[in-house]
Amino acid sequence: MKKFTTIALFLLAHLASFAQVSNYTFSASAGNYTPITGGTVLASGTFDAFNSTAITAISFTYNCTPVTSIKINADGHIGLGNYVSTTNYTPLSGTINASIGILSALGRDLASSDVGSPEIRYETIGNEFIVQWTDVRRSGTTGERINFQIRINTATNVINYVYGPYTAGIANGNQPQIGLKGTTSTFPANVNNVTLACGATGWLGVTAGTANTSTVCLSSVTFPASGTTFTWTPGGPTISGTLETCLGGTSQLTGSGTAATTNPWVSSNTSVATVSATGLVTAVAQGTTNITYTNSTGCQVTSQFTVNANPTVTGTTSLCVGGTSQLAGSGTAATTNAWVSSNASVATVSNTGLVTGVASGTANITYTNSLGCSVVTAITINTNNTIALSSAVGTNNQTRCINTAITNITYSTTAATGATVTGLPTGVTGSW
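Attention in this report is confined to the structure presented alongside it. (Residues numbered from 1 in each chain as written. Predicted model: local features only at pLDDT ≥ 70, side-chain atom pairs only at ≥ 80, totals over all residues. Heavy atoms only, no water.)

1. Regarding the overall build of the chain
Convention followed: Working definition: helices are DSSP H or I runs of at least four residues, strands are E runs of at least two. Numbering for both runs from the N terminus. We compute the radius of gyration over the C-alpha atoms and compare it with the globule rule, which gives 2.2 Å times the number of residues raised to the power 0.38. The cut-offs for exposure are 20% and 50% of the maximum accessible area for each residue type, with area from a 1.4 Å probe on protein chains only; residues under the lower value are buried, those over the upper are exposed, and the others partly exposed. Contacts were defined at the residue level, with two residues in contact if any of their heavy atoms lie within 4.5 Å. For the area figures, the Shrake-Rupley method with a 1.4 Å probe applies, and any residue is considered shielded solely by the protein chains shown. This count recognises Lys and Arg as positive and Asp and Glu as negative, with His and chain-terminal groups excluded. Charged groups are reduced to one reference atom each: NZ for lysine, CZ for arginine, CG for aspartic acid, CD for glutamic acid.
Scanning the chain from terminus to terminus reveals zero helices and 36 strands. For a compact globule of 432 residues, the expected C-alpha radius of gyration is about 22 Å, and the chain comes in at 40 Å, more than 25% above that figure. Sorting the 432 residues of the chain into buried and exposed places 43% on the buried side. Across the chain, the fraction of contacts at a sequence separation of at least 24, relative to all contacts at a separation of at least 6, is 59%. When the accessible surface of the chain is totalled, it reaches about 20200 Å², and 53% of it is carbon and sulfur. Averaged over its 11 positive side-chain charges, the chain has a centre that lies 6 Å from the centre of its 10 negative ones.

Given below as structure tokens:
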């Protein structure tokens, strides 16, 4: 007799993925097995081959494709997207595929154990969607009790297979397939699996599969210690380069791997910054935009790009020959050539912004900040004023009695636009 409880939910359609599950990285570690006790029970008591109806209480990304519908199969695996299979004993190597992929934690012909408290249930705890097989066995054996979980982190898209207590039964040579599958069984692009020969102690020594048919030994000698965890971490593309610039500036970004042939680079806000097909970002206006890079397998990565206001310069911009003026630039100065004069024969500038007048004329002082953004400030160097006695010699050194007129004293100047006369005795005045 088969006892089977399930929930009928509607099925969502999905687009096929062209990415490769070979991009996922694998690791094995010792951890803890924490059984779930809540959620929804799909099967309990006596059960055998079944595939649940579509479960839509989940949303994550697998192989660069959004997943919002799954089916849980009694035979130790989950079908992602559209999946029609009551019995699939070789989920990784077989020709029965799901529209998005298959997660196989213990893919083999499984059924409820003849001992223990068999059940299959699922539950969402925080960001984890957890499917749990309790006290199941491989068909053809008795006394075997296998416990394991598939735990999907919907925030990070990391997939964990966690194995619980194991009790061996009558020897069985049907070894499970463990790994990930894409939309086909093509190895290794669409099958990322592990393998282990019988005789090993524990499962922490698994190695990468050599074919889509690779299996992991499960026996009275070779079995996973409780808490053994297999982790698959998605390895999408990356963006490198400076993710900010100033108005009018550019920044060359680089995407890992091979770029998509169509729209490899896209800006979410072209009024802030545009991006070329080769990743060259050009600032348009101050603000932020999201730059998305797509590789040839259809996987994407998005980074925020910031356009900052151009730097500013403060300080005196008009001085005389031989004079100095300390300029200050906003933000952090560039480490090399932060300050540059366009005409050092008129004015020089130090690496801290100190301008020195050399000769009359104008020079442009360019300040560059640490983002590579620049601002140009015009500096005017004036000729130094001169003054000379133009009245008769000695008129500037007269001695007179009180109330006696003096001879006018006259001075001529060059480059002056005005003057004040101070220090005169009472009754004597001066004007420009």
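2. Structural notes on the sheet that holds strand β28 (residues 324–326)
Filter applied, for reference: Strand pairing requires that DSSP identify at least two bridges connecting the strands. Axis geometry follows a simple rule: fit a line to the C-alpha atoms, using only the stretch in contact for helices, then measure angles between N-to-C directions, giving values from 0 to 180 degrees.
Strand order across the open sheet formed by three strands is β28-β32-β31, with antiparallel pairing between neighbours. Of all strands in the sheet, those bounded by a partner on one side alone are β28 and β31 (347–349). Strand-to-strand twist of the sheet, defined as the mean angle between neighbouring strand axes without regard to direction, takes the value 20°.

3. Describing the layout of surface pockets
Our working rule: Cavity and pocket criteria rest on a 1 Å grid covering protein atoms alone: a 1.4 Å probe that fits but cannot get out defines a cavity, protein on both sides within 12 Å along at least 5 of 7 lines defines an open pocket, and an atom within 4 Å of a point defines a lining residue. Grid points are joined across faces, edges and corners, and a volume is the space filled by probe spheres set on the points. By the convention adopted, Pro, Cys, Tyr, Trp, Phe, Met, Ile, Leu, Val and Ala count as nonpolar, Lys, Arg, Asp and Glu as charged, and the other residues, Gly among them, as polar.
Approximately 920 Å³ is the volume found for the largest pocket. Each residue belonging to the lining of the largest pocket can be placed in one class, and the counts come to 13 nonpolar, 14 polar and one charged. The computed volume of the second largest pocket comes to approximately 310 Å³. The wall of the second largest pocket is formed by 16 residues, among which T61, C64, G236, C299 and Q300 lie closest to the centre. Split into classes, the residues belonging to the lining of the second largest pocket amount to six nonpolar, ten polar and no charged.

4. Notes on the pairing of strand β10 (residues 128–138)
Counting buried positions along β10 gives eleven out of eleven residues, so the element sits mostly inside the fold. Inspection of the sheet shows strand β8 (residues 110–112) paired to β10 by three bridges, in the antiparallel sense. If you follow L110 over to β10, its bridge partner there is R138. Sheet topology note: the strand β9 (residues 119–125)/β10 ladder contains seven bridges and is antiparallel. For Y122, the partnering residue across the bridge sits in β10 and is V131. Bridge analysis of β10 against strand β11 (residues 146–153) gives seven bridges, and the strand direction is antiparallel. Bridging across to β11, Q132 finds its partner in Q149.

5. Some words on the pattern of salt bridges
Selection criterion: Salt bridge, as used here: a side-chain nitrogen of Lys or Arg that lies within 4 Å of a carboxyl oxygen of Asp or Glu.
Scanning the entire structure with this criterion turns up four salt bridges. Put simply, R151 and E128 hold a salt bridge, and the shortest N to O gap is 2.9 Å. Here R151, found in strand β11, pairs with E128, found in strand β10; they are 23 residues apart in sequence, far enough to count as distant. For E144, the salt bridge goes to R138, with nearest N and O atoms at 2.7 Å. Looking at E144, the relative accessible area reads 1%, which means it is buried. According to the relative accessible area criterion, R138 is buried, its value standing at 2%.

6. Some thoughts on the side chain of N147
Inclusion rule: Nitrogen and oxygen atoms within 3.5 Å of one another constitute a polar contact, given that in protein one can donate a hydrogen and the other can accept it, and given that sequence-neighbouring residues count only through two side-chain atoms.
With respect to the helices and strands, the residue N147 is situated in strand β11. Separated by 3.0 Å, the side chain of N147 and the backbone nitrogen of D135 make a polar contact. A polar atom in the side chain of N147 sits 2.8 Å from the backbone oxygen of P165. In this view, N147 contacts Y33, W133, T134, D135, Y163, G164 and P165; residues no more than four positions away in its chain are not counted.

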